[in-house]
Amino acid sequence: MHAQAGDPDVLAHCVAIVLAKDERDCAALMRLAEKLRFGAVVAHSPALGHDRFDHRLVYYLVHFDYADEDKRKLLFDLRHAGSVSLCFAPVVLFLRDGSAEDIQAHIEMGFDEVISVPEDGRAMATRLAAQIGHEHLYIETRNYLGPDRHRRDKPGHGQVHRMQGEKHARLTILRTPEAGVHIVRRQTVDEAR
């Protein structure tokens, strides 16, 4: 399968794992994932385990009413899952008419993508597909592993700064249907320079 990067058809090779606070919200987000044409759509459950998704591209889709503390726990648990395909799985939050501040706060929390709904389905699918076939920069510090939180900073708008002198690693990852998820480059940066 050689879909071009950003081609929504690539989602057919991915599984969407849906998280929401209740069954009604979960069902709504599952219907959306099906309309976006994911290859498989399942509700999150501890019974899923991790091994079953090691060789398939996985997305985590999170409903806007999922509690902030649960979002943080999910991000922490995934980024420390021990499986490359889960540690670097795209975690996408769907916000209802999210303000710029809400979007930035969730980017800083560590989401790979924040989509404000309602949005055109084709545009959503294209944004989700952009997680595949492109290199993405992840940052690893003592307290954080996730997408580069500076990627959407604008001067004066909630820039996230690492502690002065803190060492961190810059990991370039690539997700493809053929190879799954792999780390292309790892560079250790010493901020004390």
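Relevant structure appears above.
Residues numbered from 1 in each chain as written. Predicted model: local features only at pLDDT ≥ 70, side-chain atom pairs only at ≥ 80, totals over all residues. Heavy atoms only, no water.

A. The pairing of strand 3 (residues 57-63), seen in detail. The buried fraction of strand 3 is high, at seven of seven residues. What you see with strand 3 is no split at all: Leu57, Tyr59, Leu61 and His63 on one side and Val58, Tyr60 and Val62 on the other are buried throughout. Relative to strand 3, strand 1 (residues 14-19) runs parallel, the two being bridged by six bridges. Bridge pairing in strand 3 places valine 18 opposite leucine 61. (Buried < 20%, exposed > 50% of the residue type's maximum accessible area, 1.4 Å probe, protein only. Helix = DSSP H or I, 4+ residues; strand = E, 2+ residues; numbered from the N terminus. Pairing = 2+ DSSP bridges.)

B. Representation of the sheet that holds strand 8 (residues 167-176) in the model. Here we have four strands laid out as an open sheet, ordered 7-6-8-9, and antiparallel in their pairing. The sheet terminates laterally at strand 7 (145-147) and strand 9 (180-190), the two strands that pair on one side only. For this sheet, the mean inter-axis angle between neighbouring strands, taken without regard to orientation, is 25°. Examined bridge by bridge, strand 8 and strand 9 share 10 bridges and lie antiparallel to one another. Bridging from a neighbouring strand, arginine 170 pairs with glutamine 187 of strand 9. (Axes fitted to C-alpha atoms, helices over the stretch in contact; angles between N-to-C directions.)

C. View of helix 5 (residues 121-129). Among the residues of helix 5, those classed as buried are Met124, Ala125, Leu128 and Ala129. Projected down its long axis, helix 5 shows its buried positions confined to an angular sector of 130°, all on one face. Each element contacted by the buried residues of helix 5 is listed here: helix 1 (23-35), strand 3, strand 4 (91-96) and strand 5 (113-117). Its side-chain oxygen placed 3.2 Å from the backbone nitrogen of arginine 122, aspartate 120 serves as the N-cap of helix 5. (Arc of directions from axis to C-beta. Contact = heavy atoms within 4.5 Å. Polar contact = N/O pair within 3.5 Å; in protein donor to acceptor, adjacent residues only side chain to side chain.)

D. Quick look at the nonpolar core. With 33 residues, the main nonpolar core has Phe38, Tyr59, Leu61, Phe88, Phe94 and Leu128 as its most contacted residues. Counting 21 residues, the second largest nonpolar core, distinct from the first, contains Leu74, Leu75, Leu95 and Phe111. (Core = buried A, V, L, I, M, F, W, Y, C linked by side-chain atoms within 4.5 Å.)

E. Layout of the packing of aromatic side chains. All chains considered together, the criterion is met by two aromatic pairs. For the ring pair phenylalanine 88 and tyrosine 138, a centre distance of 5.2 Å and an interplane angle of 75° mean the geometry is edge-to-face. Placement of the pair is phenylalanine 88 in the loop between helix 3 (84-87) and strand 4 and tyrosine 138 in strand 6 (residues 135-140), with a sequence separation of 50 residues. Exposure remark for phenylalanine 88: the relative accessible area of 5% places this residue in the buried category. We classify tyrosine 138 as buried; its relative accessible area is 1%. (Phe/Tyr/Trp six-rings, centres within 6.5 Å; stacked < 30°, edge-to-face > 60°.)

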